[in-house]
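Spelled out, the chains give:
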Amino acid sequence: MNDLAGKHIVLGLTGGIACYKAAELCRALLKEGATVQIVMTEAAKQFITPVTMQALSNRPVCDSQWDAREPNNMAHINLSREADAILIAPCSADFMSKLVHGGADDLLSLMCLARPVDKVPLLIAPAMNREMWDHPATVRNRAQLQQDGCTVLGVGTGDQACGETGDGRMLEPQELLQDVIAFFQPKVLSGQSVLVTAGPTFEAIDPVRGITNRSSGKMGFAIARAAQEAGAQVTLVAGPVALPTPRGVRRIDVQSASDMLVACVSAAQSASLFVATAAVADWRPAQPSDQKIKKDGSGQTPSLTFVENPDILATLAQSARAQNGALYCVGFAAESHDLLAHATAKRIRKGVPLLVGNIGPATFGKDDNALLLVDANGSWELPRNTKLALARQLVSEIAGRLPLPNAESSHALLRQRVAPTCLLPYPAPSP
Ligand code: CTP
């Protein structure tokens, strides 16, 4: 994916051992399609050389406000006008203090002060010793910077270069990359609290065996990430999958459908949107054995009887919060054939305003998918794309359908407001 295509990032480095991570970060930004201009302070150059950063960014490094290479000799103006964002990583405690006070005695601070604040966002990735991070002066500076409109990214926890352990490490390059990508996503779910289920469930037969299905959880994890990027607080209830938790998402791991129901009922109390992506097992063994079922040598196979699992989506869709409009529910349908017919029937059966159909065998385990959106007004296709790209489109579609805060508008009005221009009618017209 080229999530930063067309974006020009000014990457500022200040003094700190985390400068070594900035080299990797520079590469990661470029790999996502951004162009990167490096600006270094004198202190940063004690930790990593401009040669390294020039070679990686493929541009000469800027490190002086007196740079005669600039025709107008105003590097601070030129750099800050060209940028889609300024990212300072690592940002030292000293540099945070300088930003708070509007100091401008080196190129980087001068450029930050000279940037048009409403057009060029400033993001900082702090990096320092844990005592410095917790010091009241740094705490005050952090709060002041946020108040001044600066995005203060988090810090990592763990071993520090000084030998101590605690908060204050700079985030890893891949974490920073995800934060920058998220920063540029439209905040269409700002203020929303989103609950997502993902993955299969596992229904125990005995302590070593069980039944499950081929869902990988990738679509649900992509939706959780897209919702978080869109500004929502996200809780992800995940069946047994080995996927990394999207940044900033609260994850609750469960095994069985019954566990998933308990987790969801509790999390739904404060959610405004529920997206049920999980491929919940329809049945579970009626009497799981608490000891391993052994072969008795007779060749006889055990006979299993099943009971139906609770329907999590239908349960939440019928809850009082969903019925009074406080919880908007979106279902998925994993089908093998007749997608439109099954998805249309399933939307009504589950009692949800929006149902998203996909062909299970064509998408389980893969990184791409194609979706069919079915609501009361008809159906639209989101053509084949990566799961993350589809998740972002879906999030934007859902956002356009959410009741307005004062609930005056009907869904019909909302659909007019957010016309599905990106959607193809289903089935897609022949070329
Ligand atoms: N779902 C759920 N709890 C269940 C079964 C399904 O929450 N016990 C949700 C899924 O997360 C999905 C939707 O219901 O959002 C439809 O799931 P799907 O497996 O496609 O359909 P089923 O309800 O299981 O119906 P069928 O097996 O007949 O297709």
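Residues numbered from 1 in each chain as written. Predicted model: local features only at pLDDT ≥ 70, side-chain atom pairs only at ≥ 80, totals over all residues. Heavy atoms only, no water.

(A) The packing of helix H1 (residues 19-31) against helix H2 (residues 50-57), seen in detail. Running from N to C, H1 and H2 cross one another at 15°; their axes reach a closest spacing of 9 Å. In terms of their interaxial angle, H1 and H2 are classed as roughly parallel. The handedness of the crossing between H1 and H2 is right-handed. Side by side, H1 and H2 meet where Ala22, Ala23, Cys26, Arg27 and Leu30 of the first sit next to Met53, Leu56 and Ser57 of the second. (Axes fitted to C-alpha atoms, helices over the stretch in contact; angles between N-to-C directions. Helix = DSSP H or I, 4+ residues; strand = E, 2+ residues; numbered from the N terminus. Parallel < 35°, antiparallel > 145°, perpendicular 65-115°, else oblique. Left-handed = near helix turned anticlockwise from the far one by under 90°. Contact = heavy atoms within 4.5 Å.)

(B) Just the layout of surface pockets, in detail. In this structure, the largest pocket spans a volume of roughly 990 Å³. Residue lining of the largest pocket: 43 residues in total, with Ala278, Ala279, Val280, Asp282 and Lys346 positioned closest to the centre. Secondary-structure elements contributing two or more residues to the lining of the largest pocket are strand E8 (193-198), helix H9 (218-229), helix H11 (312-317), strand E16 (328-335), helix H13 (339-350) and helix H14 (360-363). With 4 residues, E16 is the largest single contributor of residues to the lining of the largest pocket. Partitioning the lining of the largest pocket into residue classes produces 18 nonpolar, 15 polar and 10 charged. Elements supplying a minimum of two residues to the lining of the second largest pocket: helix H8 (173-184), H9 and helix H15 (387-401). Here the residues of the lining of the second largest pocket are counted per class, giving 9 nonpolar, 4 polar and 7 charged. (1 Å grid on protein atoms, 1.4 Å probe; cavity = no way out; pocket = protein on both sides within 12 Å on 5 of 7 lines; lining within 4 Å. Points joined across faces, edges and corners; volume = space filled by probe spheres on them. Nonpolar A, V, L, I, M, F, W, Y, C, P; charged D, E, K, R; others polar.)

(C) Just H8, in detail. In a regular helix each residue adds 1.5 Å, so 12 residues correspond to 16 Å; H8 covers 17 Å between its end C-alpha atoms and thus fits that length. Listed in full, the buried residues belonging to H8 are Pro173, Leu176, Leu177, Asp179, Val180, Ile181 and Ala182. Its buried side turned inward, H8 meets strand E1 (8-13), H1, strand E3 (85-91), strand E4 (122-126), H9 and H15. (Expected span 1.5 Å × (residues − 1). Buried < 20%, exposed > 50% of the residue type's maximum accessible area, 1.4 Å probe, protein only.)

This is a description of form; function is not addressed.
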